[in-house]
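Read off the chains here:
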Amino acid sequence: MHKIVILGPPGSGKGTQAEFISVALNIPIISTGHIFRNEMKNQTDLGKRITAIMDSGGLVPDEITNETVKNRLQQDDVKNGYILDGYPRTIAQVEYLDQLDELSRVVNIDCSDSVVTDRMAARRTCSKCGTDFNILFKPTKVDGVCDQCQGQLITRTDGEPDAIKERIYIYHQQDDPVLDFYKNKGILININGEPSIEEVWQQIREKLNLDS
Ligand code: AMP
């Protein structure tokens, strides 16, 4: 069974690659960022508690994040495997997850700070339906207008320059111990995330033996 974690800095393209893996293996993606953004959009109690943290690019506290993932892993659709995207990010989360389940592989998408900064600054989101675009990789047909619903495109608050800087800074405060943990377990796969989306996907397919 495939229980995969996908790691990498924000902007490394891990969400896109997680979608490819999800389709190839027919397993769901659990994205903590996505879950949290939904809570904010729906103005739930949790959503209200985390809005300021999320907007500034900071991390949601470990207890909240761990509890959220634990609940999600109890749902039926993950019985045949899953891909975790955006979790675990801290060593406390790594240790919590380690007690919760046994992972099969951890895919680390490596990317320099300058590349991820440029990619994140190019992100746009529809203000009406929430569809994500990227002026570098996934531009809309008409500049600034959503392809799905013709809504106006905006830059997410966490895509502003200061928040991008903060997210990269926070990533580097945590990434080494997280990667070391999985390296020591012998389940870490390193991928160069800087080439094109197709080339990155090719590397992942090879290293996860998805073609055989
Ligand atoms: P992402 O889309 O994965 O970059 O996540 C967006 C935001 O959600 C992050 O900047 C954090 O504020 C929050 N978040 C997502 N995953 C986690 C996590 N594992 N631990 C703490 N905060 C998280």
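Shown above is the structure to which this text applies.
Residues numbered from 1 in each chain as written. Predicted model: local features only at pLDDT ≥ 70, side-chain atom pairs only at ≥ 80, totals over all residues. Heavy atoms only, no water.

### Focus: the sheet that holds strand E7 (residues 153-154)
Working step 1: Sheet architecture is open: three strands sit in the order E6-E5-E7, paired in antiparallel fashion. Each end of this open sheet is capped by a strand with a single partner; those strands are strand E6 (132-134) and E7.
Working step 2: In this sheet, E7 lies alongside strand E5 (residues 123-126) in antiparallel orientation, the contact comprising two bridges. The partner of Cys-126 across the bridge, within E7, is Leu-153. (Pairing = 2+ DSSP bridges. Helix = DSSP H or I, 4+ residues; strand = E, 2+ residues; numbered from the N terminus.)

### Focus: unusual backbone geometry
Working step 1: At the junction of Tyr-87 and Pro-88, the peptide bond is cis and its omega measures out at 0 degrees in the coordinates.
Working step 2: Tracing the sequence through the fold places Pro-88 in the loop between strand E3 (81-85) and helix H5 (91-100).
Working step 3: One non-glycine residue, Gln-150, lies in positive phi territory at about 65 degrees.
Working step 4: Looking at the element boundaries, Gln-150 is found in the loop between E6 and E7.

### Details of the site of the ligand
Working step 1: In the vicinity of the ligand lie 14 residues, with Thr-32, Gly-58, Gly-86, Gln-93 and Arg-167 positioned nearest.
Working step 2: In this structure, Gln-93 approaches the ligand through a side-chain N or O atom, which is 2.9 Å from a nitrogen atom.
Working step 3: For the ligand, whose unbound accessible area comes to 470 Å², protein coverage reaches 95%.
Working step 4: Of all the elements, helix H2 (residues 32-41) adds the most residues to the shell around the ligand, at four residues. (Near = heavy atom within 4 Å. Polar contact = N/O pair within 3.5 Å; in protein donor to acceptor, adjacent residues only side chain to side chain. Areas by Shrake-Rupley, 256 points an atom, 1.4 Å probe, with all protein chains shown as cover.)

### A look at the pattern of salt bridges
Side chains that carry opposite charge are capable of pairing whenever their charged atoms lie near each other.
Working step 1: Counting across every chain of the model gives eight salt bridges.
Working step 2: For Lys-14, the salt bridge identified is with Asp-85, shortest N-O distance 3.5 Å. Here Asp-85 lies in strand E3 and Lys-14 lies in helix H1 (residues 14-25), a separation of 71 residues in the sequence. Asp-85 shares its class with Lys-14; the two are buried.
Working step 3: Between Asp-77 and Arg-72 there is a salt bridge, with the nearest N and O atoms lying 2.8 Å from each other.
Working step 4: The exposure class of Asp-77 is partly exposed, given its relative accessible area of 40%.
Working step 5: By relative accessible area, which is 16% here, Arg-72 ends up buried. (Salt bridge = Lys/Arg side-chain N within 4 Å of Asp/Glu carboxyl O. Buried < 20%, exposed > 50% of the residue type's maximum accessible area, 1.4 Å probe, protein only.)

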